[in-house]
Amino acid sequence: MDRINLSGCAIILASLREIGALGVKSKEDFCLNSSLPIIKDKKLLLLFKKKHLYYEFPGGKVKEGETLKEAAARETKEEIGCEVEGLEYFGFEDIRVEEKDFRGHVYLAELKDSESPKITEPDLFGDLLWLPIGDPQKYPLAPNVKKFCEKYIYTRTKANNG
């Protein structure tokens, strides 16, 4: 795998062609993100991002030299103060926020025993929500969270019926 530094974002790619396939014109236009949906009792843990006025997963930019999985766990610890375990890759979404393209990789995980999430970055986040995963339309959600809910429900329903 190739490691490329794109404006402070370390990106791990199977091929350099992946950037071109995304239509990225320069390295300043692209960043790699890794997020960590946590599901407990059929509810999804989300944080309300003050800047964007919607709920999103714990997660953020991948730092140079770390893996996608390490970034997801680190960002989760920074944002909700909890350690996680059982990280399982779920997929990725390409999103655009404020004229910047992101490839957001998603891992599923569980909180370690006796961990209670709380907002640890109150300047960035205004609320912590346990969203019933089958009822996402009642809250303002980041576009990738909406897609995740649809995809998660579809894959779990298909697995249970298949």
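Residues numbered from 1 in each chain as written. Predicted model: local features only at pLDDT ≥ 70, side-chain atom pairs only at ≥ 80, totals over all residues. Heavy atoms only, no water.

Enquirer: How do you make sense of the pairing of strand β5 (residues 43–49) when you look at a structure like this?
Expert: Summarising burial for β5: six of the seven residues are buried, a large majority. Turn length for the strand β4 (residues 39–40)-β5 hairpin, with the two strands adjacent in sequence and antiparallel, is two residues, and the turn residue D41 shows positive phi of about 55°. Alignment of β5 against strand β10 (residues 125–132), held across seven bridges, turns out to be antiparallel. By the bridge assignment for β10, K49 is matched with F125. Bridging between β5 and strand β6 (residues 54–56) involves three bridges; their strand directions are antiparallel. Looking at β6, one finds that K49 is bridged to Y54. The antiparallel pairing of β5 with β6 creates a hairpin that spans four residues between the two strands, and L53 there sits at a positive phi of about 60°. (Buried < 20%, exposed > 50% of the residue type's maximum accessible area, 1.4 Å probe, protein only. Helix = DSSP H or I, 4+ residues; strand = E, 2+ residues; numbered from the N terminus. Pairing = 2+ DSSP bridges.)

Enquirer: Before we go on, may I ask you to explain the pattern of salt bridges in this structure?
Expert: Any two side chains of opposite charge can pair if their charged atoms end up close together. Using the criterion set out here, one finds seven salt bridges in the structure. Ionic pairing is found between E56 and K49, a salt bridge with its closest N-O pair at 3.8 Å. As a salt-bridge pair, E66 and R74 come within 2.7 Å of each other at their nearest N and O atoms. The exposure class of E66 is buried, given its relative accessible area of 9%. Each of the salt bridges in this network shares a partner with another, and the network as a whole consists of E66, R74, E75 and E78. (Salt bridge = Lys/Arg side-chain N within 4 Å of Asp/Glu carboxyl O.)

Enquirer: Is there a simple way to explain helix α2 (residues 68–80) in this structure?
Expert: One turn of the α-helix equals 3.6 residues, which is why residues spaced by three or four share an orientation. Between the first and last C-alpha of α2 there are 18 Å, a value that for 13 residues agrees with the 18 Å anticipated at 1.5 Å per step. If you check which residues of α2 are buried, you get L68, A71, A72, R74, E75, T76, E79 and I80. Taken from the residues just after α2, G81 is the one with a positive phi, measuring 70°. (Expected span 1.5 Å × (residues − 1).)

Enquirer: Mind showing me how you'd approach unusual backbone geometry here?
Expert: The phi angle of most residues is negative, glycine excepted, and most peptide bonds adopt the trans form. For D41, which is not glycine, the phi torsion reads 55° and is therefore positive. As for its position among the elements, D41 is in the loop between β4 and β5. Since its relative accessible area comes to 65%, D41 is described here as exposed. Located in the positive-phi region is S114, a residue other than glycine, with phi close to 65°.

Enquirer: Before we go on, may I ask you to explain the nonpolar core in this structure?
Expert: Across soluble globular proteins, nonpolar side chains have a tendency to be buried as a group. Counting 22 residues, the largest nonpolar core has L44, L46, V145 and F148 as the members making the most contacts within it. For this core, the secondary structure elements donating two or more residues are β5, β6, β8 (84–97), β9 (100–111), β10 and α3 (143–161). In terms of residue count, the dominant contributor to this core is α3 (four residues). Among all residues touching V145, those that are not within four sequence positions of it are L44, L46, Y55, E56 and F57. Grouped together as the second largest cluster of nonpolar side chains are 16 residues, L32, I38, L47 and V62 included. (Core = buried A, V, L, I, M, F, W, Y, C linked by side-chain atoms within 4.5 Å. Contact = heavy atoms within 4.5 Å.)

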